[in-house]
Amino acid sequence: MGTLTSVAFAAAVNIRFRSFHRENIKTTLPKWQKRLCFSCREDSNRFRVVKCLSNDDENSNRDDSGRENEETNDSIVKTASREEDETSISSSSNEFGSDKSPSVSSRSSNVPPIDPTYSSFQIDSFKLMELLGPEKVDPTDVKLIKDKLFGYSTFWVTKEEPFGDLGEGILFLGNLRGKKEDVFAKLQRKLAEVVGVKYNLFMIEEPNSEGPDPRGGARVSFGLLRKEVSEPGPTTLWQYVIAMILFLLTIGSSVELGIASQINRLPPEVVKYFTDPNAVEPPDMELLYPFVDAALPLAYGVLGILLFHELGHFLAAVPKKVKLSIPYFIPNITLGSFGAITQFKSILPDRSTKVDISLAGPFAGAALSVSMFAVGLFLSTNADAASDLVQVPSMLFQGSLLLGLISRATLGYAALHAATVSIHPLVIAGWCGLTTTAFNMLPVGCLDGGRAVQGAFGKNALVTFGLTTYVMLGLRVLGGPLALPWGLYVLICQRTPEKPCLNDVTEVGTWRKVLVGTAIILVILTLLPVWDELAEEVGIGLVTTF
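Residues numbered from 1 in each chain as written. Predicted model: local features only at pLDDT ≥ 70, side-chain atom pairs only at ≥ 80, totals over all residues. Heavy atoms only, no water.

By the naming in an unreviewed UniProt entry, the protein chain goes by Zinc metalloprotease EGY1 and is assigned to Cardamine amara subsp. amara.

Here's what the structure looks like:
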């Protein structure tokens, strides 16, 4: 009889606790369980599976009469169990001399009720986030892909993790069973056969790997994302409009640079406005009209370098079947332009493609800039072109160690060791083009240099290079007075590294690494200013005039 009573009491308490758990689940669950259960959800590894705590599959199939009978039985059992519970607690209090032991019913009565509106709001918020977020990989497809693609002959999956910026994909971790490139090509073919063109498969280095792969190199894993999530969207009409407006502004800034190069010919009130920081009232702009025609050759040179730079990108992308966005030119009154922002509109197949396309633009722009710079220096020493020369302050040649030394070797000590220097406008165009190209080749973010370093040496190397670049720009070790505006431009527009390639593991060849390394060295020499001691010693600028 005692055993029977114990069983009945345990059943009653269990039934009452289940009813209490249903009514007050949000306020009684500890924090670690709340992360797993929220509004009848179970969250496991960022993939949510709907699960109702109050009903299982059997309960969901019951009819209304069955639920009414269950509720009636529950209420009868709860009433009987409550009386038995109070009797047992009273006897326990008398036995141990304490009346402070709380009962289950007393605890449940103190729990404040949850507003149904708040509960509905939580569920609606969750559904809204699910709808607005990127579409995730179908769990049915995950199981199918895991069974059909991976195996003992390709890649043995041991674990699955979320993949993507918001965990919208699946990352398969495991052990590689063949050569990386061969396995990846085989998996891509099988993926197309199993699910068509619905998904993109990425081969990346395994995050937080404990060691290298036994076959050599870093351990790899495979990420799966939906095509519409992983691939960039098409260029919209508004983006074309913005690009056109920026291009028109860049034309204006290039013409302004051409006018500024004639500073020795401009009216005094115009010169004062552009050189005196205390000048507030702008001069009559009609005074500049006579100088526009003379400014056009320099403007054409600057714009030609910009367009040639972008043409290099597009010519390198076409054979690789990579789509690029329309360039968004960035106007700047000091250099004419800060270059252009050009986005990838398709996923890059491998890191070699990223390096080739990234370097093609700067190399094309630099080639034209060097040609203009060299021809301009030659014409600057030619007496027949004396009428086309403009005078600029000699201190401008201290802005670049490499270009300053080349100018010093070409024009001579006497020419540069003076207050002003007579040069051809092509020198200014080439100088501005090389400086802009060097800025865009800095190894940081989504700049051409950042993409090239990421493709040649990996994302970890880009982080190191990027931090070093930011420090050097902040200390004005590179770029001189343009370091701050360029650093702000990169932080606002170009700070995010490029997304991984489909094959983000296979390294590029040695000659590509050497090419990228050589380009970075030339960039540093171009953007490194000439310090006063060296300038005075080699005769670049008149240091005593400062």
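1. Describing the UniProt feature "transmembrane region" (unreviewed entry) in the protein chain
Within this structure's numbering, the places UniProt gives as "transmembrane region" (unreviewed entry) are residues 237–259, 287–308, 328–348, 360–383, 395–416, 423–442, 462–493 and 514–531. Spanning residues 287–308, this segment combines 77% helix with 0% strand, and its end C-alpha atoms are found 33 Å apart. In residues 395–416, the share of helix is 68% and the share of strand is 0%. The end C-alpha atoms are 9 Å apart. (UniProt positions renumbered as here; feature names shortened; annotations may be inferred. Helix = DSSP H or I, 4+ residues; strand = E, 2+ residues; numbered from the N terminus.)

2. Let's talk about the pattern of salt bridges
Under the definition given, this model contains 11 salt bridges. One salt bridge in this structure joins Glu206 and Arg219, with 3.3 Å as the shortest N-O distance. On the criterion of sequence distance, the pair formed by Glu206 in the loop between strand S5 (199–205) and strand S6 (220–226) and Arg219 in the loop between S5 and S6 is long-range, its members being 13 residues apart. For the pair shown, Glu206 and Arg219 are each scored as buried. What you see here is one network of salt bridges that share partners, running through Lys320, Asp356 and Arg512. (Salt bridge = Lys/Arg side-chain N within 4 Å of Asp/Glu carboxyl O. Buried < 20%, exposed > 50% of the residue type's maximum accessible area, 1.4 Å probe, protein only.)

3. Observations regarding the packing of aromatic side chains
By the definition in use, this model includes 14 aromatic pairs. With a centroid separation of 6.1 Å and 50° between ring planes, the pair formed by Phe163 and Phe202 is classed as tilted. Of this pair, Phe163 sits in strand S3 (residues 155–163) while Phe202 sits in strand S5; the two residues are 39 residues apart in sequence, bridging distant segments of the chain. Among the residues examined, Phe202 registers a relative accessible area of 5% and is labelled buried. Seen in terms of ring centroids, Phe397 and Trp431 are 5.5 Å apart; in terms of plane orientation they differ by 85°. Their pairing is edge-to-face. Note that Phe397 is positioned in the loop between strand S9 (390–393) and helix H15 (401–411) and Trp431 in helix H17 (residues 425–440), a separation of 34 residues in sequence. Like Phe397, the residue Trp431 is buried in the burial classification. By way of ring pairs, the aromatic residues Phe150, Phe155, Phe172, Phe184 and Phe222 are connected into one cluster. (Phe/Tyr/Trp six-rings, centres within 6.5 Å; stacked < 30°, edge-to-face > 60°.)

4. As for empty space enclosed by the protein
One pass over the structure, following the stated rule, counts two cavities of 30 Å³ or more. Of the volumes computed, that of the largest cavity is approximately 230 Å³. In this structure, the largest cavity is lined by 25 residues; those nearest its centre are His309, Glu310, Gly339, Ala340 and Asn440. Mapped by element, the contributors of at least two residues to the lining of the largest cavity are helix H13 (292–317), strand S8 (336–341), H17 and helix H18 (448–457). When grouped by side-chain class, the residues that make up the lining of the largest cavity number 11 nonpolar, 11 polar and three charged. Each pocket or cavity is described by its volume, and for the second largest cavity that value is around 30 Å³. (1 Å grid on protein atoms, 1.4 Å probe; cavity = no way out; pocket = protein on both sides within 12 Å on 5 of 7 lines; lining within 4 Å. Points joined across faces, edges and corners; volume = space filled by probe spheres on them. Nonpolar A, V, L, I, M, F, W, Y, C, P; charged D, E, K, R; others polar.)

5. Here's the deal with helix H9 (residues 180–195)
Counted at 1.5 Å a residue, the expected span for H9 with its 16 residues is 22 Å, and the 22 Å between its end C-alpha atoms agrees. Here H9 has its buried residues at Lys180, Val183, Phe184, Leu187, Leu191 and Val195. End-on, the buried residues of H9 take up no more than an arc of 95°, which puts them together on one face. Projecting away from the buried face of H9 at angles above 90 degrees are the exposed residues Arg189 and Glu193. On its buried face, H9 sits against helix H8 (139–148), strand S4 (169–176), S5 and S6. Once H9 finishes, Gly196 follows within two positions and takes phi at roughly 75°, a positive value. (Expected span 1.5 Å × (residues − 1). Arc of directions from axis to C-beta. Contact = heavy atoms within 4.5 Å.)

6. Section: H15
Since there are 3.6 residues in each turn of an α-helix, residues three or four apart along the chain are aligned in direction. Among all positions in H15, only Leu401, Leu403, Gly404, Ser407 and Leu411 are buried. End-on, the buried residues of H15 take up no more than an arc of 165°, which puts them together on one face. Where H15 starts, the residue carrying a side-chain oxygen 3.2 Å from the main-chain nitrogen of Leu403 turns out to be Ser400. Remark: Gly412 follows H15 within two positions and exhibits a positive phi of approximately 95°. (Polar contact = N/O pair within 3.5 Å; in protein donor to acceptor, adjacent residues only side chain to side chain.)

7. Comments concerning the sheet that holds S5
An order of S3-S4-S6-S5 is seen for the four strands of this open sheet, with the pairing classed as antiparallel. Whereas interior strands pair on both sides, the edge strands pair on one side only; in this sheet they are S3 and S5. Pairwise comparison of adjacent strand axes, ignoring direction, gives a mean angle of 25° for this sheet. Of the pairings in the sheet, the one linking S3 to S4 comprises eight bridges and is antiparallel in character. Bridge pairing in S4 links Phe163 to Gly169. Across the sheet, H9 touches S4, S5 and S6, and the angle it forms with S5 is around 160°. (Pairing = 2+ DSSP bridges. Axes fitted to C-alpha atoms, helices over the stretch in contact; angles between N-to-C directions.)

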